Amino acid sequence: MTTNMKNDQDDIAIPQDYDLSTPISSTSGLRQGLTSYGDAHFSLFLRKVFVKALGYSEDALSRPIIGIINTYSGFNPCHGNVPQLIEAAKRGIQFNGGLAVEFPTISVHESFSHPTSMFLRNLMSMDTEEMIRAQPLDACIMIGGCDKTVPAQLMGGISANKPVLPLITGPMMPGSHRGKRIGACTDCRNNWAAFRAGEIDIEEISEINEELAPTIGTCGVMGTASTMACITAALGMMPLRGASAPAVSSARARVAEETGANAVKAAHSKWKPQDILSKESFLNAITVLQAIGGSTNAIVHLMAIANRHPKVQGVITLQTFEEVGRKTPLLVDLKPSGDKYMTDFHNAGGMLALLHALRPLLHLSAMTITGQTLGELIDASPFREFPLSRQIIRPLSNPLYPSSSLIVLHGNIAPNGAIMKASASKDRDLLTHTGPAVVFENSADLAKRIDDPDLDVMADSILVLKSIGPIGNPGMPEAGLLPIPRKLAAAGVKDMLRISDGRMSGTAGGTIILHVSPESAVPESPFGIVQTGDVISCDVDARKLHLEISDEELKERVKDRKAAAAAAEKPRQRGYRGLYERSVNQAQDGADFDFLTADGGSRN
Ligand code: FES
């Protein structure tokens, strides 16, 4: 904004911003969130000094400022197309009268994050929140894709509560091995298990390694990244095609351009995530999660995201997933629950086709970032089924699995809950199973003994792994898919009931109970007292997980364990790890830092 005042040379318009008699409004553009020098006019003057070093004119600086979070990293191949997406998003912003300004935050990839990417999710969410809040942005496009990045950005964006628009990098294409399609990362695990069992040799596993990730982009199955992409669309936060368009497709670039246009609209309308998102938005997201047989990780992430929202915290709980699951069938035939890849889902109509199929189960009044309700959005985008779409996205009348692909179990060793992706079980008989426990105290113990030929384990044993919860192994590693002991794998055992307080990759399958809470690292955890030889019963229909000992014995064991923990001295960790260990909450609350939740942890 400039005045008619002119300087001595009478050719440069003098901005009104320098008129000391006019108070500086602080709600939009460059004037918002000024650095504190005790003189707002000077702060703005100085800000303009520096931004002009980049060559911006007063005209450019008077536009709505749209931030673009650049999460490109040489250590993140899932984000390999971020430069192209930025270019396309900038087109959308600038065609619609905005000023695009990109900036970095940290970027987190599954395979390049020690000890785990989950350890860094909360750090990324803090980086995202604080940089959105600190900088003069009228809206912000958040480019994410790999598993933890989208949850981190949603968590940070909701907490910052400026208009935010997720833009997802999209799935990779499948590869090919000896005439068969393969793709990260369900096939990484299947083929590795076959190699461990001696079914394929070292030459073949090396060939497979070349083809599992043949392009940039996120894992090409319904793993955590694709699940979070579908959920983000179901929350109403991005275009529906944005959930599945391949990373290397022209459709993906058009989604980016559309996101740029939407961002300018959101900046003008001041659509903040805490206004757009409601309980109903989360119910829609959970409905989609169940219908796609999505990643178990999405439960932890959705809880963390919901608990950042002051009006949703405490309203959406683990039990909500169970209640929605009972009404929602599995409709999407994708690995690991089914057989296909994300490109097939996209070609079958993707989220638009799925939302049309799920329409009777959705809350159509939920708002979206377009300014329309979800119902209006679906109505404005008719979808006509064709044979392929019906194969991959089933109608409600012909589901792949009748209901509850993701279930919540409770019992004396999981009083605060545990979860299982029942639809990904390879041996459905194990869904109701009683057997003796073979307990591994931690990951190192597991690595040492799992393939020991003398390990006392049978096909009906229940493998139990402790100390991989949020505190026990900071970041709650995806080690819940315990490998089948080699001697059993070689004998043809493909699935066993496995229980842990950790997570499992969204691309994995099997009869796996995860996220047992409270985790074993908590001294009073009943899960911590399970011993080898104890008998455990799992009854999926009754949603029960029970250790077959008396209440008295359980109490006695917990008491002894608490006393031993109190006597042991635990070194205080420094730095981020110390912050993590002292602040992380349990899986059923999202494994977020308690001070980052909407109430700052005051409910605890
Ligand atoms: Fe990035 Fe799978 S490793 S999505």
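Remember, it's a predicted structure, so these values are computed and weren't measured experimentally.

### Notes on the overall build of the chain
Item 1. Per the secondary structure count, the chain includes 21 helices and 16 strands.
Item 2. Computed over C-alpha atoms, the radius of gyration of the chain comes to 26 Å, within 12% of the 25 Å expected from 2.2 N^0.38 for 604 residues, which places it in the range of a compact globule.
Item 3. Across its three principal directions, the C-alpha atoms of the chain cover 90 × 65 × 50 Å.
Item 4. In the chain, buried positions account for 57% of the 604 residues.

### Some remarks on the UniProt feature "domain: Dihydroxy-acid/6-phosphogluconate dehydratase C-terminal" (unreviewed entry) in the chain
Item 1. With numbering matched to this structure, UniProt assigns "domain: Dihydroxy-acid/6-phosphogluconate dehydratase C-terminal" (unreviewed entry) to residues 391-591.
Item 2. In this annotation, residues 391-591 is assigned 20% helix and 21% strand; the end-to-end C-alpha distance for the span is 37 Å.

### Some points on the packing of aromatic side chains
Item 1. Evaluated as defined, the whole model comprises 11 aromatic pairs.
Item 2. Measuring from centroid to centroid gives 5.7 Å for Phe75 and Phe112, while their planes differ by 50 degrees, and the two rings are tilted. Taken together, the positions of Phe75 in the loop between strand S3 (65-70) and helix H3 (82-95) and Phe112 in the loop between strand S4 (99-104) and helix H4 (117-134) put the pair 37 residues apart, joining distant regions of the chain.
Item 3. What makes Phe75 exposed here is its relative accessible area of 59%.

### Focus on the UniProt feature "domain: Dihydroxy-acid/6-phosphogluconate dehydratase N-terminal" (unreviewed entry) in the chain
Item 1. UniProt records the feature "domain: Dihydroxy-acid/6-phosphogluconate dehydratase N-terminal" (unreviewed entry) for residues 63-376 in the present numbering.
Item 2. Taken end to end, residues 63-376 is 48% helix and 9% strand, and its first and last C-alpha atoms sit 30 Å apart.

### Digging into the pattern of salt bridges
Item 1. A complete count under the given rule lists 34 salt bridges for this structure.
Item 2. For Lys90, the salt bridge is made with Glu102, and the minimal N-O distance between the two is 2.9 Å. A residue pair is termed long-range when its members are at least 10 positions apart, and Lys90 in helix H3 and Glu102 in strand S4 qualify at 12 residues.
Item 3. Judged by relative accessible area, which is 25%, Lys90 ranks as partly exposed.

Conventions we followed
- Residues numbered from 1 in each chain as written.
- Predicted model: local features only at pLDDT ≥ 70, side-chain atom pairs only at ≥ 80, totals over all residues.
- Heavy atoms only, no water.
- Helix = DSSP H or I, 4+ residues; strand = E, 2+ residues; numbered from the N terminus.
- Rg over C-alpha atoms; globule rule 2.2 N^0.38 Å.
- Buried < 20%, exposed > 50% of the residue type's maximum accessible area, 1.4 Å probe, protein only.
- UniProt positions renumbered as here; feature names shortened; annotations may be inferred.
- Phe/Tyr/Trp six-rings, centres within 6.5 Å; stacked < 30°, edge-to-face > 60°.
- Salt bridge = Lys/Arg side-chain N within 4 Å of Asp/Glu carboxyl O.

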